[in-house]
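Architecture at a glance
One-letter residues, chain by chain:
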Amino acid sequence: MTARGDRRLAWVLLAPALSVLAVVTVYPIVRVIALSLERRVPIFGIADFVGLANYAFLARDGAFWGAMRVTALFTVVSVAAELVLGVAAAVALRAQRRGVAISLSLLLLPWCLPGVVTGRIFEWIYHPSAGLMNRLVAVVVASAQPNWLGDPRLALPAVIAADVWRTTPFIALLVYARLVGVPAAVYEAAAVDGAGRGATFWRITLPLLRPVLLVALLFRTLDAVRAFDLMFILTGGGPAGVTETLTLYAYRSLFQTLQLGFGSASAVVVGALVVALAWGHLAATGERDAV
Amino acid sequence: MTARRAWIVVVLAALAVAGCAERRADEVRLVFRHSRMPGERDPLPALLRDFERRHPGIVVAHEPLPWTADVQHQFYVINLEGRSAGFDVLMLDVIWTAEFARAGWLLDVTDRWPAAERGEHFPSMVEAATLGDRLWAVPWVMNVGLLYFRADLLGRQGLAPPTSYAALAEQAAAVMRAAGEPRLAGFLWQGKQYEGLVVNVLEAMWGEGTDLVGRDGRLLPEPARAAAALARRRALLTRGISPPLVTAADEELTRREFGAGRGVFLRNWPYARALFEAGGSPVAGRVGVAALPGGGALGGAHLAIHAGTRHPDAAWALVRHLASPDAQRAIADAVGLHPTRPALVDDAALRAIFAGARPRPVTPWYQTLSATLQPELSAAILGLKPAGQALADAERRLAYFLRP
């Protein structure tokens, strides 16, 4: 068979996959970009081309920049905490001699719960007068009654804590799977060479975990940038918008107030952000791995 | 799919086809969409059976909506915009009627509904069903914001329920001082960033003699007075009359606080009344109810007809039946949702409060208005922004969203 024939066959074989991609990915992307250039409120029959006006409004909208800041803060803090706690949990699990299966299943429990259930659980934990948190706080300081979800300084940390509780198991599991695959001989050799526990962790465990951690970092970052369910249930983006993420902002315009054009513009920004982050991540790790 | 499962599908399909064939050709089939009735005793099946008995040849299927208001709204929008709604009669939150009417989804009922009968309902319920001098829905069940107060605590100070928010704050402060109990809150209301916050701030504005949307449809006709009303809400928190938990509170959270005896005044809907008087309630027999200064916000539901229905006459007959005095009384007796007719509210004091209810701005853009205001109002009551600036910021965003 000629090279040309090979190439033709390749296209024929690729065609089904490409057409599916075109329908479920390319078409919606093109459509949402086109929509973002319109003022469109379909239920009222409004459809005017406005060019970049929606983007211009986003650029000077305080609420949008607030959502950007909240999303960035939420992403950095929650992903960092999840990575640290996840690695710690996995290392502890690896050192455990008995009841590993029980520990694993308990660890996975938060990850298995639907976001809505997690949200409702934490709603009660943070309840100002009857919640678990304030019962515990009262043991330490009798008069203090922090208003976890109503105080603008506490609301975002409270939501982040709920997210960390929920997603740490994901990281822990990935890391644990990698640790199980490390031959015991590696650690024996380190011990023979006189490496302490700290040196073993920093010089051996962590470098071995690097590929897994980079993948986990990418997954978790992209998830966190699109965070929605916990703040939707716990705070509705409040108080004063301090827990309003970009997706919540887009949801408000797209689904709550049905401004399809303006909402699409904010959705395009979220999409562009996710693509940029993924590319940046791949470029950075690819380069280093080549060295 | 296994062969066995495929067989089940085939049999089910055959049964469905057979079922359709059995139906009489002249039979009218209506579908009624509504939210679930609270409590155990759903009065709807009996009401619909009764309707079918009186209208031979009409069969009514009723299907409940999803649980939360947000999701219900989305369900309606998706199905109604698709033109094949699959229902004929729908239950609407009073704040959606103008929006759905403007979208062309509702049948104009002005000419079907005799003018004399409209007067049987509380005027605010009819006002909320009106857009452009036409009527788009019929009042079904009613809700109104109420001022609950601890009659025992007020009585001890020789105080009568307040008629202004300024007096309310002073009375609350006096009772708190006298009680000397640090966990007793003066005034509990809903300050979480959600629809309820807009309701509470609207009532505050009405108490100040101004409104969010003027009679001419202009947003914030008196910005200074609106800002003063909002600033007064902030002051309730800084003066310690309202506890910090208010800034994350919804109806249930404040209802539980007040119900546990930890509040002097509470703003809430009528449903809380029965819970305060229930057996074992620490506040049973000690709670009074009064009108909110400036009037309480209107809640509740309308019944409307889908514009695309194939059976407008049958649908109208169903709406009239469900909104009839007998049906409204049956619903009130079974699940405690209040009738929209003064003649059916037996308690004279409650009737007067209901008569003073005021609709939230009756505009097709209410969802946008409310969603845009929520974070700004929240910022104002938390003191992150001066009240005037918060309102101005909301106004600026709305100018973009609502531009003609």
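Everything numeric in this text was worked out from a predicted model, so none of it was measured. (Residues numbered from 1 in each chain as written. Chains lettered and ligands numbered in written order. Predicted model: local features only at pLDDT ≥ 70, side-chain atom pairs only at ≥ 80, totals over all residues.)

Things to note about the overall build of chain A
When helices and strands are tallied, chain A shows twelve helices and two strands. In chain A, the succession of helices and strands from N to C terminus is α-β-β-α-α-α-α-α-α-α-α-α-α-α. The C-alpha atoms of chain A give a radius of gyration of 24 Å, which is well past the 19 Å a tight globule of 291 residues would have. Residue burial in chain A is summarised as follows: out of 291 residues, 30% are buried. (Helix = DSSP H or I, 4+ residues; strand = E, 2+ residues; numbered from the N terminus. Rg over C-alpha atoms; globule rule 2.2 N^0.38 Å. Buried ≥ 20, exposed ≤ 12 C-beta atoms within 10 Å, placed from the backbone.)

Examining the overall build of chain B
When helices and strands are tallied, chain B shows 17 helices and eleven strands. Computed over C-alpha atoms, the radius of gyration of chain B comes to 24 Å, within 12% of the 22 Å expected from 2.2 N^0.38 for 404 residues, which places it in the range of a compact globule. In terms of principal-axis extent, the alpha carbons of chain B reach across some 75 × 55 × 55 Å. In chain B, buried positions account for 48% of the 404 residues. Put simply, 74% of the contacts in chain B that link residues at least 6 apart link residues at least 24 apart. (Contact = placed C-beta atoms within 7 Å.)

Brief notes about the domain arrangement of chain A
By domain assignment, chain A separates into domain 1 (1-35) and domain 2 (36-286). The straight-line distance from the C-alpha centre of domain 1 of chain A to that of domain 2 of chain A is 34 Å. (Domains from an automatic or database assignment.)

A word on the sheet that holds strand β1 (residues 28-34) of chain B
All names here are of chain B. The strand order β2-β1-β3-β11-β6 describes an open sheet built from five strands, whose pairing is mixed. The open sheet terminates on both sides in strands that have one partner only, identified here as β2 (58-64) and β6 (138-144). Recorded for the sheet is a direction-independent mean angle of 20° between the axes of neighbouring strands. (Pairing = 2+ DSSP bridges. Axes fitted to C-alpha atoms, helices over the stretch in contact; angles between N-to-C directions.)

Focus on the interface of chain B and chain A
Taken together, the contact pairs 27 residues of chain B with 28 residues of chain A. Contributing elements (two or more residues each) for the side of chain B that touches chain A: α3 (69-81), α16 (366-382) and α17 (387-401) of chain B. Tallying contributions element by element places α16(B) first for the side of chain B that touches chain A, with seven residues. When grouped by side-chain class, the residues that make up the side of chain B that touches chain A number 14 nonpolar, six polar and seven charged. (Nonpolar A, V, L, I, M, F, W, Y, C, P; charged D, E, K, R; others polar.)

A short note on the packing of helix α3 (residues 62-95) of chain A against helix α9 (residues 197-225) of chain A
All names here are of chain A. Relative orientation of the contacting elements α3 and α9 amounts to 145°, with a least axis distance of 10 Å. Judged by the twist between their axes, the crossing of α3 over α9 is right-handed. Of the residues in α9, those in contact with T71, F74, T75, S78, V79, E82, L83, V87 and V91 of α3 are T205, L209, L213, A216, L217, R220, T221, A224 and V225. Its residues placed into classes, the contact of α3 with α9 shows eleven nonpolar, five polar and two charged. (Left-handed = near helix turned anticlockwise from the far one by under 90°.)

A short note on the domain arrangement of chain B
With domains assigned, chain B is organised as domain 1 (26-143 + 299-355) and domain 2 (146-296). Distance from the C-alpha centre of domain 1 of chain B to the C-alpha centre of domain 2 of chain B: 30 Å.

Side note on unusual backbone geometry
Geometrically, the link from A:G238 to A:P239 is a cis peptide bond, its omega value of -10° lying close to zero. Along the chain, A:P239 falls in the loop between α10 (229-234) and α11 (246-256). Positive phi, normally seen in glycine, also occurs at B:L220, with a value near 45°. Among the residues examined, B:L220 registers 20 C-beta atoms within 10 Å and is labelled buried.

Brief notes about α17(B)
Since the α-helix advances by 3.6 residues per turn, residues separated by three or four positions end up pointing in the same direction. With 15 residues, α17(B) extends 21 Å between its outermost C-alpha atoms, agreeing within 8% with the 21 Å of an ideal straight helix rising 1.5 Å per residue. Every buried residue of α17(B) is listed here: B:A387, B:A390, B:L391, B:D393, B:A394 and B:R397. For α17(B), the arc enclosing every buried residue in end-on projection is 160°, short of the 170-degree limit, so these residues lie on one face. Where α17(B) is buried, its residues touch α3 of chain A together with α10 (223-238) and α16 of chain B. (Expected span 1.5 Å × (residues − 1). Arc of directions from axis to C-beta.)

Describing the pairing of strand β7 (residues 146-150) of chain B
All names here are of chain B. Most of β7 sits out of view: five of its five residues are buried. Both faces of β7 are covered, namely the face carrying L146, Y148 and R150 and the face carrying L147 and F149. As defined by bridge partners, β7 adjoins strand β9 (residues 263-268) across four bridges and the pair is classed as antiparallel. Residue pairing in the sheet places L147 in a bridge with R267 of β9. Two strands pair when backbone bridges link them, and β7 and strand β10 (residues 287-291) are joined in this way by five bridges, in the antiparallel orientation. Residue pairing across strands places F149 opposite G288, the latter belonging to β10.

Side note on α16(B)
Residue and element names in this part refer to chain B. Spanning 17 residues, α16 covers 24 Å between terminal C-alpha atoms, matching the ideal 24 Å at 1.5 Å per step. The principal kink in α16, of about 35°, is found at Q374, preceding the proline P375 by one to four residues. Burial analysis of α16 places 17 of its 17 residues in the buried class, which makes it a mostly covered element. A positive backbone phi angle near 80° is found at G383, which sits one or two residues after α16. (Bend = angle between axes of the 7 residues up to and from the residue.)

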